[in-house]
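Chain by chain, the residues run as shown.
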Amino acid sequence: MPASPLITVMTGAARKAARAVSRDFGEVENLQVSQKGPADFVTRADRKAEKVIVEELKKARPKWGFQLEEGGEIAGTDGQHVWVVDPIDGTTNFIHGIPHFAVSIGLTRNGEPVAGVIYNPITDELFAAERGGGAYLNDRRLRVSGRRDISDAVIACGIPHRGRGDHAEFRRELAQVQAKAAGIRRAGTASLDLAWVAAGRLDGYWERGLQPWDICAGIVMVREAGGFAADIDGGPDVMNTGDIMAGNEHMQSGLKACIKAARAGE
Ligand code: IPD
């Protein structure tokens, strides 16, 4: 990507944090066999990575605020810009030694997502996007897939698990998509699901109950790759509802029809 100063700052922070995250992932693989499992260790890894990101971003833009998965909100003095950070998106994958997780850094300006960097340290894939500047995977410009029909499409989703979300609602929605799509995936890292939609690997994606740090960077990525990323039920503020639907423009109507049919109990 022709890196703007903003993207350079975000990329630098993501890569620096990812070095620690990768080292810790190696350790997690060893800890799998211990009885207690690696959960506490992972919490520490998460916090450590977040600290690196905050330090780097603060150094570059001292007046901007933060919305952090681990550390909560830190008010900035400029009142406009907020970094939205998930140091390890895909924590469950990480804990289980599954090499599919990412460092995700988004930026909002007056509440609107305007830039994002998503970095998978295992594959060394760095996704970056800035409003008006396009979306990139390493040096390659991204474009959402061109498939027009949901019957040819691979659609990703998030499955609510124990203690999370409305399981029956998910099953109704899944039944609809299942009957129409060519394939369904649940990879467990929302930021990468969105980055993969931007890269045209996935044609569409829907998931409910996400947090702003799971989706902020990915929303910019999909929109800058020519796709849509919006609230499932048509609400104006997907960052706050956390119920997201994304894809190329042709998937919008297909996915919407599935959700509508699920709601009608078809
Ligand atoms: C999780 C991942 C996952 C999604 C979960 C999120 P975390 O984020 O993005 O794909 O299904 O709902 O909580 O907790 O690993 O940062």
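Up top is the structure.
Quick look at the structure, then.

Right, let's talk about the pattern of salt bridges for a bit. Counted according to the given criterion, the structure contains 15 salt bridges. One salt bridge connects Asp-24 with Lys-48, and the closest N-O pair in it is separated by 3.0 Å. A residue pair is termed long-range when its members are at least 10 positions apart, and Asp-24 in helix H1 (residues 5–31) and Lys-48 in helix H2 (residues 39–60) qualify at 24 residues. On the basis of relative accessible area, Asp-24 is assigned to the buried category, the value being 8%. Relative accessible area serves as the criterion here: at 43%, Lys-48 is assigned to the partly exposed category. Asp-203 is paired through a salt bridge with Arg-147; the nearest N and O atoms lie 2.8 Å apart. Of the two residues, Asp-203 is situated in the loop between helix H5 (190–198) and strand E11 (204–207) and Arg-147 in the loop between strand E8 (140–141) and strand E9 (154–157); the sequence distance between them amounts to 56 residues. Arg-147 sits in the partly exposed class, given a relative accessible area of 38%.

The next subject is the nonpolar core. Counting residues in each nonpolar core, the largest one holds 36 residues, and the members touching the most others are Met-10, Ile-53, Leu-57, Trp-83, Phe-94, Ile-105 and Leu-107. Going through the elements one at a time, H1, H2, strand E1 (65–68), strand E3 (81–89), strand E4 (102–109), strand E5 (112–120) and strand E6 (125–130) are the ones with two or more residues in this core. Ranked by residues supplied to this core, first place goes to H1 with 11 residues. Met-10 has contacts with Leu-57, Trp-83, Ile-105, Gly-106, Leu-107, Ala-115, Gly-116 and Val-117, leaving out every residue within four places of it along the chain. The next biggest cluster of nonpolar side chains, apart from the first, holds 34 residues, and it includes Ala-102, Ala-195, Ala-229 and Ala-246.

Right, let's get into the side chain of Asp-193. Take Asp-193: it is sitting in helix H5. Buried and unpaired, Asp-193 has no salt bridge, with Arg-186 as the nearest side chain of opposite charge at 5.1 Å.

What follows is about the packing of H5 against helix H6 (residues 212–224). Direction vectors running N to C along H5 and H6 enclose 0 degrees, while the axes themselves pass 8 Å from each other. Classed by the angle they form, the pair H5 and H6 counts as roughly parallel. Where H5 abuts H6, its residues Ala-190, Ser-191, Leu-194, Ala-195, Val-197 and Ala-198 lie against Asp-214, Ile-215, Gly-218, Ile-219, Met-221 and Val-222. Its residues assigned to classes, the contact of H5 with H6 comprises 9 nonpolar, 2 polar and 1 charged.

Take the packing of aromatic side chains next. Taken as a whole, this structure holds 5 aromatic pairs when the rule is applied. Each ring, one from Phe-25 and one from Phe-94, has its centre 5.4 Å from the other, and the planes form 50 degrees; the classification is tilted. Note that Phe-25 is positioned in helix H1 and Phe-94 in helix H3 (residues 91–95), a separation of 69 residues in sequence. You'll find Phe-25 and Phe-94 in the same group, each marked buried. With centroids separated by 4.9 Å and ring planes inclined at 80 degrees, the aromatic side chains of Phe-94 and Phe-101 adopt a geometry described as edge-to-face. Summarising the burial analysis for this pair, Phe-94 and Phe-101 share the class buried. A connected cluster of aromatic rings, assembled from ring pairs, spans Phe-25, Phe-94 and Phe-101.

What counts, and at which threshold
- Residues numbered from 1 in each chain as written.
- Predicted model: local features only at pLDDT ≥ 70, side-chain atom pairs only at ≥ 80, totals over all residues.
- Heavy atoms only, no water.
- Salt bridge = Lys/Arg side-chain N within 4 Å of Asp/Glu carboxyl O.
- Helix = DSSP H or I, 4+ residues; strand = E, 2+ residues; numbered from the N terminus.
- Buried < 20%, exposed > 50% of the residue type's maximum accessible area, 1.4 Å probe, protein only.
- Core = buried A, V, L, I, M, F, W, Y, C linked by side-chain atoms within 4.5 Å.
- Contact = heavy atoms within 4.5 Å.
- Lys, Arg positive; Asp, Glu negative; His and termini not counted.
- Axes fitted to C-alpha atoms, helices over the stretch in contact; angles between N-to-C directions.
- Parallel < 35°, antiparallel > 145°, perpendicular 65-115°, else oblique.
- Nonpolar A, V, L, I, M, F, W, Y, C, P; charged D, E, K, R; others polar.
- Phe/Tyr/Trp six-rings, centres within 6.5 Å; stacked < 30°, edge-to-face > 60°.

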